[in-house]
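Architecture at a glance
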Amino acid sequence: MDFQTAVFFFLSAILVFAALRVITARNPVYAALHLMLAFFTTGGLWLMLQAEFLAIALIVVYVGAVMVLFLFVVMMLDINIDRIREGFWRYLPLGAVLGLVMVLEMGLVLGSKYFQVPISEVVVPAGVSNTKEIGALLVTDYVFPFELAAVILLVGMIAAVVLTFRGRKASKISNPNTQVFVKAKDRVRVLQMPVEKD
């Protein structure tokens, strides 16, 4: 077994484990950490396939946005933030282990060229850009799935807003229509008080 195959099986095993932990973890903090590990490992696999744009986009967009996702889950489930802050040291070992695994993965993927190991058998001609080829495929052959994914994301965003909407808060507002047609006799009352003499 060569080095490239060993790295592929190592990353794949971590990806399968992380994906299973995302759907089986009862704690949303653990699920979010494992989701981040799964995205990072998928980026490593794409980097091995010389799809640098997809790898960087996955890591920057999804791993960066997973914190927003976690905040949304916290707001959605009304989780007690103070209890999570108190349990910071309880989550630190898992976070540290996952961080070390990510560093190890990137070291194996990016360090393979220093070990004189070919990353892929595919030879990319000079002047060919992965980003340009992906863009051309998205707007030609895969335009319908691309638009369908955009609509699904839009529906998900609207559903998130509807689910978290708590209703309008009652606020004191003035109605200009009733203010214009008000009469002085309805608002002002003149009192006749007897004058007191010393």
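Every value quoted in this text rests on a predicted model; they were computed, and no experiment measured them. (Residues numbered from 1 in each chain as written. Predicted model: local features only at pLDDT ≥ 70, side-chain atom pairs only at ≥ 80, totals over all residues. Heavy atoms only, no water.)

1. Here we look at the overall build of the protein chain
Within the protein chain, the secondary structure is distributed over 9 helices and 0 strands. Counting from the amino terminus, helix and strand elements in the protein chain follow one another as α-α-α-α-α-α-α-α-α. Taken over 198 residues, the protein chain has a buried fraction of 22%. Taking the contacts inside the protein chain whose residues are at least 6 apart along the sequence as the reference set, 75% of them involve residues at least 24 apart. (Helix = DSSP H or I, 4+ residues; strand = E, 2+ residues; numbered from the N terminus. Buried < 20%, exposed > 50% of the residue type's maximum accessible area, 1.4 Å probe, protein only. Contact = heavy atoms within 4.5 Å.)

2. Topic: helix α2 (residues 28-48)
The end-to-end C-alpha separation of α2 is 30 Å, in line with the 30 Å expected for 21 residues at 1.5 Å each. Here α2 lies mainly inside the structure; 16 of its 21 residues are buried. Remark: Gln 50 follows α2 within two positions and exhibits a positive phi of approximately 65°. (Expected span 1.5 Å × (residues − 1).)

3. Overview of the side chain of His 34
Mapped onto the fold, His 34 is located in helix α2. A residue is classified by how much of its surface remains accessible, and His 34, at 3% relative accessible area, is buried. A distance of 2.8 Å separates a polar atom in the side chain of His 34 from the backbone oxygen of Tyr 30. The contacts of His 34, once residues within four sequence positions are left out, are Phe 17, Ala 18, Arg 21, Val 22, Leu 94 and Leu 98. (Polar contact = N/O pair within 3.5 Å; in protein donor to acceptor, adjacent residues only side chain to side chain.)

4. Describing the packing of aromatic side chains
The final tally for this structure, using the stated rule, is 2 aromatic pairs. Residues Phe 39 and Tyr 62 carry aromatic rings whose centres are separated by 5.1 Å and whose planes lie at 40° to one another, so their mutual orientation is tilted. Here Phe 39 is found in helix α2, whereas its partner Tyr 62 is found in helix α3 (residues 52-77), with 23 residues between them in sequence. (Phe/Tyr/Trp six-rings, centres within 6.5 Å; stacked < 30°, edge-to-face > 60°.)

5. Topic: the layout of surface pockets
In this structure, the largest pocket occupies an estimated 430 Å³ of space. Secondary structure elements with two or more residues in the lining of the largest pocket: α2, α3 and α7 (143-164). Sort the elements by how many residues they give to the lining of the largest pocket and α3 lands first, with 7 residues. Residues of the lining of the largest pocket, tallied by class, amount to 12 nonpolar, 1 polar and no charged. (1 Å grid on protein atoms, 1.4 Å probe; cavity = no way out; pocket = protein on both sides within 12 Å on 5 of 7 lines; lining within 4 Å. Points joined across faces, edges and corners; volume = space filled by probe spheres on them. Nonpolar A, V, L, I, M, F, W, Y, C, P; charged D, E, K, R; others polar.)

6. What about a nonpolar patch on the surface?
A surface patch of nonpolar side chains, amounting to about 460 Å² of accessible area, comprises Leu 137, Leu 138, Val 139, Tyr 142 and Phe 146. Among the elements that make up the nonpolar patch, the one with the highest residue count is helix α6 (residues 130-139) (3 residues). Its place among the elements puts Val 139 in helix α6. (Patch = residues over 30% accessible without salt bridge, like charges linked within 9 Å, V, L, I, M, F, W, Y side chains within 5 Å. Areas by Shrake-Rupley, 256 points an atom, 1.4 Å probe, with all protein chains shown as cover. Salt bridge = Lys/Arg side-chain N within 4 Å of Asp/Glu carboxyl O.)

7. Examining the UniProt feature "transmembrane region" (unreviewed entry) in the protein chain
Per the UniProt record, the feature "transmembrane region" (unreviewed entry) sits at residues 6-23, 30-49, 55-79, 91-110 and 142-165. This span, residues 30-49, is 95% helix and 0% strand, and a straight line between its end C-alpha atoms measures 29 Å. Helix makes up 92% of residues 142-165 and strand 0%. Its end C-alpha atoms lie 35 Å apart. (UniProt positions renumbered as here; feature names shortened; annotations may be inferred.)

8. So, the nonpolar core
Judged by nonpolar contacts, the single largest core of 18 residues is most densely connected at Val 29, Leu 37, Phe 40 and Met 102. Of all the secondary structure elements, the ones that give two or more residues to this core are α1 (3-24), α2, α3 and α5 (88-110). When neighbours within four sequence positions are excluded, Met 102 is seen to be in contact with Met 36, Leu 37 and Phe 40. (Core = buried A, V, L, I, M, F, W, Y, C linked by side-chain atoms within 4.5 Å.)

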